[in-house]
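Architecture and fold: a report
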Amino acid sequence: MKKLVAAASLALALLPLGHSVAHAADYKSEYRLSTVLGPAFPWGKAGERWAELVKQKTEGRINIKLYPGTSLVGGDQTREFSAIRQGVIDLAIGSSINWSPQVKQLNLFSLPFLTPDEKSLDALIKGPVGKDLFAVLEKQGVVPLAYGENGFRELSNSRHPIRTPADLKGMKIRVVGSPIFIDAFSALGANPTQMSWADAQPALATKAVDGQENPLSVFNAAKLHTLGQQHLTLWGYMTDPLIFVVNRNVWNNWSEADRKAVREAAEQAAAENLVAARKGVSPGDDALLKDIEKNGVTITRLTAEQRKAFKDLTRPVYDKWAETVGKDLVKKAEAAIAAG
Ligand code: X2X
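Every residue gets a number counted from 1 within its own chain, in the order that chain's sequence is written. The predicted nature of this model means local features are confined to residues of pLDDT at least 70 and side-chain atom pairs, given and counted, to a pLDDT of 80 or more, with totals for whole chains, interfaces and linings taken over all residues. Water and hydrogen atoms play no part in the side-chain values, which are based on all heavy atoms of the structure.

1. Describing the site of the ligand
The immediate surroundings of the ligand are formed by 13 residues, with Gln 77, Asn 98, Arg 153, Arg 174 and Asn 214 found nearest. One nitrogen or oxygen atom from the side chain of Arg 153 is found 2.9 Å from an oxygen atom belonging to the ligand. Arg 174 places a side-chain nitrogen or oxygen 2.7 Å from an oxygen atom of the ligand. Among the residues forming the shell around the ligand, the class breakdown is five nonpolar, five polar and three charged. Residue ranges for the domains originate in an automatic or database domain assignment. Taken domain by domain, the shell around the ligand gets at least three of its residues from each of domain 1 (27–151 + 241–278) and domain 2 (154–238 + 283–339). Here a residue is near a molecule or strand as soon as one of its heavy atoms is found within 4 Å of it. Pairing of N or O atoms within 3.5 Å defines a polar contact, subject to two protein rules: one partner must be a possible hydrogen donor and the other a possible acceptor, and residues neighboring in sequence count only if both atoms are side-chain atoms. Side-chain classes follow a simple rule in which Ala, Val, Leu, Ile, Met, Phe, Trp, Tyr, Cys and Pro form the nonpolar group, Asp, Glu, Lys and Arg form the charged group, and the remainder, Gly included, forms the polar group.

This is the structure we're talking about:
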């Protein structure tokens, strides 16, 4: 025993002074990273990658464990942002949708038909609007580091192809956390009901709801066709960015060098995530869409005119929520998109 103690104190004495020793004491042995989706999806993969890159870049000083399924808040995505602020969650990659109940400006991305394509999303997240939203998040007590993407949220259902708002009439559609979705789907004549992703899957399986909206990568990896979702409409009405953040106190506790490492790791994981989220779903590469079609799902592509019918009906929702988001920010976003 004595020998062991002596050996341990010798080992300690041999450790380089300063940095790592000083910090090791206040560093947690594990940092908890929250995501909704797991590594089978681009979103969870981004979480895994961020953790891996942080480990490498900090030489193991920062050890991140992924908690998918928003399990740290019992699966309730809409409580994730509050939990990060409170420190129940140390780091997160969250969807703008799930955080918008607390950060009203994030409803920007959910304005129906604001971002018709990837280019328009890039104009927001890579431009001044993205910076403004980071400043908003900073003020709310988190440290935002990078933008990724969940993907274009396309509409699926178990009943019939949807080409017009009339086809959607009365359909029970599961929607995500922000009330803007209730407004948008109500304006289209559907019967929207809000529930978490965890509850959505059994609700689809039992036909308690008829449909849902999610990116194709989510549709495919979650095998929604096996839950009766046989009809898919590509309407490109919105895409939700993912935001990489760290709890403010956790961030403040890290050394300058480690903060830099975590930031660079987030930027790299986010860049990889943007590529992964867009793979197979663009005109040049529609492999993912073909896979979905092979599974017996009917794909309905709206013409510009058909799309306009949905856009026109949701315009009042856009205008109403532009007030909530902040008119200046919306104008800035529209200008950025118009400028490409
Ligand atoms: O719940 C959803 O639909 C999901 C997984 O896409 C989000 O968390 C926004």
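2. Details of the pairing of strand 9 (residues 231–234)
Because side chains alternate across strand 9, one face comprises the buried residues His 231 and Thr 233, and the other comprises Leu 232 and Leu 234, equally buried. Pairing between strand 5 (residues 154–157) and strand 9: three bridges, direction antiparallel. By the bridge assignment for strand 9, Asn 157 is matched with His 231. Categorising residues by exposure relies on relative accessible area from a 1.4 Å probe, with only protein chains included: less than 20% of the type maximum marks a residue as buried, more than 50% marks it as exposed, and the intermediate range marks it as partly exposed. Secondary structure elements are taken from DSSP: a helix is a run of H or I of four residues or more, a strand is a run of E of two residues or more, and numbering for both begins at the N terminus. Following DSSP output, two strands are said to pair if at least two bridges run between them.

3. Describing the domain arrangement of the protein chain
Split by domain assignment, the protein chain resolves into domain 1 (27–151 + 241–278) and domain 2 (154–238 + 283–339). Each of domain 1 and domain 2 has a C-alpha centre, and these two points are 23 Å apart. Residues count as neighbours in contact if any of their non-hydrogen atoms are within 4.5 Å of one another. If you look at the interface, domain 1 gives 33 residues, while domain 2 gives 37 residues. A quick way to say it: buried area is the sum, across both parts, of accessible area lost when two parts are put together, with a 1.4 Å probe. Counting each side, the surface lost to burial between domain 1 and domain 2 is near 3,000 Å², with a carbon and sulfur contribution of 73%. Of all residues in domain 1, the largest losses of buried area upon contact with domain 2 belong to Leu 111, Pro 112 and Phe 113, amounting jointly to 25% of the total for that side. Throughout this description, the term salt bridge denotes a Lys or Arg side-chain nitrogen within 4 Å of a carboxyl oxygen of Asp or Glu. Along the contact surface separating domain 1 from domain 2 lie one salt bridge. Counting every contact that joins domain 1 to domain 2 gives four residue pairs in polar contact (both at pLDDT 80 or more). Looking at the side of domain 1 that touches domain 2, the elements with two or more residues in it are helix 5 (96–99), helix 6 (118–125), helix 7 (128–139) and strand 4 (142–152). Residue contributions to the side of domain 1 that touches domain 2 peak at four residues, all from helix 7. Residues of the side of domain 1 that touches domain 2, tallied by class, amount to 19 nonpolar, twelve polar and two charged.

4. As for helix 10 (residues 197–205)
Taken together, the buried positions of helix 10 are Trp 197, Ala 200, Ala 203 and Leu 204. Down the axis, helix 10 shows its buried residues gathered within 110 degrees of arc, on one side only. Its buried side turned inward, helix 10 meets strand 6 (172–175), strand 8 (211–214) and helix 11 (216–221). Remark: Lys 207 follows helix 10 within two positions and exhibits a positive phi of approximately 65 degrees. Of all possible arcs, the one meant is that of the directions from the helix axis to the C-beta atoms.

5. Let's talk about the packing of helix 9 (residues 179–187) against helix 15 (residues 304–325)
Note on geometry: axes are lines fitted to C-alpha atoms, helical ones only across the stretch in contact, with angles between N-to-C directions running from 0 to 180 degrees. In the contact formed by helix 9 and helix 15, the axes pass within 8 Å of each other and the chain directions differ by 155 degrees. The orientation of helix 9 with respect to helix 15, classified from their angle, is roughly antiparallel. In the packing of helix 9 onto helix 15, the handedness of the crossing is right-handed. Every residue of helix 15 that contacts helix 9 at Pro 179, Ile 180, Asp 183, Ala 184 and Ala 187 is listed here: Leu 313, Thr 314, Val 317, Lys 320 and Trp 321. Residue classes in the contact of helix 9 with helix 15 are distributed as seven nonpolar, one polar and two charged. With respect to orientation, any angle under 35 degrees is reported as roughly parallel, any angle over 145 as roughly antiparallel, any angle of 65 to 115 as roughly perpendicular, and every other angle as oblique. Take the far helix as the reference: if the near one is turned anticlockwise from it by less than a right angle, the crossing is left-handed, and if turned clockwise, right-handed.

6. With respect to the side chain of Thr 314
Mapped onto the fold, Thr 314 is located in helix 15. Here Phe 310 takes part through its backbone oxygen, which lies 2.9 Å from a polar atom of the side chain of Thr 314. Only 3.1 Å separates the side chain of Thr 314 from the backbone oxygen of Lys 311, close enough to count as a polar contact. Excluding residues within four positions of it along the chain, Thr 314 makes contact with Pro 112, Phe 113, Ala 184 and Leu 188.

7. Side note on the side chain of Arg 153
Structurally, Arg 153 is set in the loop between strand 4 and strand 5. A polar contact of 2.8 Å, which involves the side chain of Arg 153, links it to the side chain of Glu 213. In terms of polar contacts, Arg 153 uses its side chain to reach the side chain of Asp 240, at 3.4 Å. Residues contacting Arg 153, with those up to four places away along its chain left out, are Ile 97, Arg 174, Val 176, Glu 213, Asn 214, Pro 215, Trp 235, Tyr 237, Met 238 and Asp 240.

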